[in-house]
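Below, each chain spelled out in residue letters.
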Amino acid sequence: MSIAKVTEVTASSTVSFEDALKRGIARADKTLNNVAGAWVQEQKVVVKGGEIVEYRVNMKVSFVLED
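Now for a look at the structure at hand.

Across its full length, the protein chain holds one helix and three strands. Seen in sequence order, the protein chain has helices and strands lined up from the N terminus as β-α-β-β. Since a compact globule built from 67 residues should have a radius of gyration of about 11 Å, the 14 Å found for the protein chain marks it as more spread out than a globular shape. Taking the principal axes of its C-alpha atoms as reference, the protein chain extends roughly 50 × 20 × 15 Å.

Shown next as structure tokens:
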């Protein structure tokens, strides 16, 4: 039997939501062992002058605890 833990991660990108997700997962994987999945909890954008300048995602990342 395995046990997983969940942590919340917020990531941003000036390119896209997908890029923000990739950056968040890549950063979490540097610190957490056995990252198993993630789900997006919230998406936001920062708007300046009528243009989107930043994409933000809040996600929950699950990772399996080692024995």
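Enumeration according to the criterion identifies three salt bridges in this entry. Notably, a salt bridge pairs Asp19 with Arg23, separated by 2.9 Å at the nearest N-O pair. A residue pair is termed a helical-turn pair when its members lie 3 or 4 positions apart in one helix, as Asp19 and Arg23 do in helix H1 (residues 17–31) at four residues. Arg56 is the partner of Glu54 in a salt bridge, and the nearest nitrogen-oxygen pair spans 2.8 Å. Under the relative-accessibility criterion, Arg56 is labelled partly exposed at 36%.

Pairing of strand E1 (residues 4–13) with strand E3 (residues 51–64) involves 10 bridges; the strand directions are antiparallel. Opposite Ser13, over in E3, you have Tyr55 as the bridge partner. Bridge count between strand E2 (residues 35–48) and E3: 12 bridges; the pairing is antiparallel. Bridged to Lys44 within E3 is Arg56. Hairpin connection from E2 to E3: two residues lie between these consecutive antiparallel strands, with Gly49 at a positive phi of about 60 degrees.

Mapped onto the elements of the fold, Ser62 is located in strand E3. Excluding anything up to four places from it in sequence, Ser62 contacts Lys5, Val6, Asn34, Val35, Ala36 and Gly37.

We now examine a nonpolar patch on the surface. Together, Met1, Ile3 and Leu65 make up an exposed nonpolar region whose accessible area comes to about 380 Å². Met1 sits in the exposed class, given a relative accessible area of 94%.

The next subject is the environment of Leu21. Here Leu21 shows up in helix H1. Residue classification places Leu21 among the partly exposed positions, given a relative accessible area of 27%. Separated by 37 residues in sequence, Leu21 and Asn58 have C-alpha atoms that sit 8.8 Å apart. Apart from residues no more than four positions distant in its own chain, Leu21 is found in contact with Val40, Val57 and Met59.

Analysis parameters
Residues numbered from 1 in each chain as written. Predicted model: local features only at pLDDT ≥ 70, side-chain atom pairs only at ≥ 80, totals over all residues. Heavy atoms only, no water. Helix = DSSP H or I, 4+ residues; strand = E, 2+ residues; numbered from the N terminus. Rg over C-alpha atoms; globule rule 2.2 N^0.38 Å. Salt bridge = Lys/Arg side-chain N within 4 Å of Asp/Glu carboxyl O. Buried < 20%, exposed > 50% of the residue type's maximum accessible area, 1.4 Å probe, protein only. Pairing = 2+ DSSP bridges. Contact = heavy atoms within 4.5 Å. Patch = residues over 30% accessible without salt bridge, like charges linked within 9 Å, V, L, I, M, F, W, Y side chains within 5 Å. Areas by Shrake-Rupley, 256 points an atom, 1.4 Å probe, with all protein chains shown as cover.

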